[in-house]
Amino acid sequence: MSTALAQVQASIAEAEIRAGRPAGSVTLVAVSKTQPWGNVAPVLEAGQQVFGENRVQEAMERWRDRREGLELRLIGPLQTNKAREAVGFFDVIETLDREKLARVLADEIQRAGKTLRLYVQVNIGEEAQKAGIAPAEADAFIAACHETYGLTIEGLMCTPPFAQDPAAHFAALRAIAARNGVEKLSMGMSDDFEIAIAEGATSVRVGSAIFGARDYQAT
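Quick notes on the rules
- Residues numbered from 1 in each chain as written.
- Predicted model: local features only at pLDDT ≥ 70, side-chain atom pairs only at ≥ 80, totals over all residues.
- Heavy atoms only, no water.
- Buried < 20%, exposed > 50% of the residue type's maximum accessible area, 1.4 Å probe, protein only.
- Helix = DSSP H or I, 4+ residues; strand = E, 2+ residues; numbered from the N terminus.
- Pairing = 2+ DSSP bridges.
- Right-handed = clockwise from strand over helix to strand, strands pointing away.
- Contact = heavy atoms within 4.5 Å.
- Phe/Tyr/Trp six-rings, centres within 6.5 Å; stacked < 30°, edge-to-face > 60°.
- Lys NZ or Arg CZ within 6 Å of the ring centre and 35° of its normal.
- Salt bridge = Lys/Arg side-chain N within 4 Å of Asp/Glu carboxyl O.

Our next topic: the pairing of strand β1 (residues 27-31). Among the five residues that make up β1, four are buried, leaving the element largely enclosed by the rest of the structure. Relative to strand β8 (residues 203-206), β1 is paired through four bridges, and the arrangement is parallel. Each residue of the ladder has a partner; that of Thr 27, found in β8, is Ser 203. The parallel pair β1 and strand β2 (residues 50-53) is bridged by helix α2 (residues 37-45), and the resulting crossover is right-handed.

Printed below as a string of structure tokens:
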């Protein structure tokens, strides 16, 4: 078994206990984006079944012939011209962040006749360089997803600002979810997933702690 994967799984289990959460209540999303297959294969062979990818085309090339039994999540920005492929290939899209994308996804989901799990990405730190709906606009956007576009929003996703205490940002995302009746929270990465679990994360997106540093040349 992948030693790094086992260590992350153990840390998640310990964080669940500390937070008074049921065992297994937090899903580990292994962030395989940009990793060479030689890094990913041992993690897959060790039994990891949920993976996060940043780009539609890269994910399709990597997983097309290995798709069975896996849950694949799109955790990178989605361009509307890739929506049809994304809807057809992924189980979860975590980066719904604007009405134009909501409209296109609604059309593509109806056309495909499939159920797709959707998360709204919130720019919780209101950082200019990051995607996501502003926290002050999140309530109205979630309502529009439901009422205008007929989309079911399963969860919210965020990435807190670097070098700031993430706990307050995670708590803010949890508050948005609670007042909008959204059940799932995708928050926490390699450096802060234990804090995220304490703040209510239902899934954590862990890459470097499992795979090591990213290889940006790899597909």
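Next comes the rest of the account.
Its location among the elements puts Tyr 119 in strand β5 (residues 117-121). Separated by 88 residues in sequence, Tyr 119 and Val 31 have C-alpha atoms that sit 17 Å apart. When neighbours within four sequence positions are excluded, Tyr 119 is seen to be in contact with Arg 73, Val 92, Ile 93, Glu 94, Thr 95, Leu 96, Glu 154, Gly 155, Leu 156, Met 157, Lys 184 and Ser 186.

Moving on, we come to the side chain of Asn 123. The residue Asn 123 is located in the loop between β5 and α6 (135-147) in this model. Of the residues examined, Asn 123 reaches a relative accessible area of 8% and is grouped as buried. If near-sequence neighbours (up to four positions away) are discounted, Asn 123 is found in contact with Lys 130, Ala 131, Gly 132, Ile 133 and Pro 135.

Below, the discussion takes up unusual backbone geometry. Phi at Glu 126 is positive, roughly 50 degrees, even though this residue is not glycine. By the element assignment, Glu 126 lies in the loop between β5 and α6. Look at Glu 126 and you get exposed, because its relative accessible area is 60%.

Quick look at the packing of aromatic side chains now. Tallied over the entire structure, the rule returns three aromatic pairs. Between the aromatic rings of Trp 37 and Trp 63, the centroid separation amounts to 5.5 Å while the plane-to-plane angle is 80 degrees, which identifies the pairing as edge-to-face. Of this pair, Trp 37 sits in helix α2 while Trp 63 is found in helix α3 (residues 56-63), placing the two residues 26 residues apart along the sequence. Centre to centre, the rings of Phe 89 and Phe 90 are 5.6 Å apart; their planes meet at 85 degrees, and the pair counts as edge-to-face. Neither residue differs from the other here; Phe 89 and Phe 90 are each classed as buried. One aromatic cluster is present, built from ring pairs that chain together Trp 37, Phe 51 and Trp 63. Positioned above the aromatic ring of Trp 37, the side-chain terminus of Arg 66 is 3.6 Å from the ring centre. Stacked on the ring of Phe 89, the Lys or Arg Arg 67 has its end atom at 5.3 Å from the ring centre.

Right, let's talk about the pattern of salt bridges for a bit. Taken as a whole and assessed by the stated rule, the structure comprises 16 salt bridges. Glu 71 serves as the salt-bridge partner of Arg 117, at 2.9 Å between the closest nitrogen and oxygen. Taken together, the residues span a long stretch of sequence, with Arg 117 in strand β5 and Glu 71 in strand β3 (residues 71-74) at a distance of 46 residues. Take Arg 117: its relative accessible area is 27%, and that puts it in the partly exposed class. The exposure class assigned to Glu 71 is buried, which follows from its relative accessible area of 18%. Across the pair Arg 174 and Glu 199 runs a salt bridge whose closest N-O atoms are separated by 2.6 Å. Placement of Arg 174 in helix α7 (residues 166-179) and of Glu 199 in the loop between α8 (193-198) and β8 is noted, with a sequence separation of 25 residues between them. One connected set of salt bridges, linked through shared partners, spans Glu 71, Arg 73, Glu 94, Arg 117 and Glu 154.

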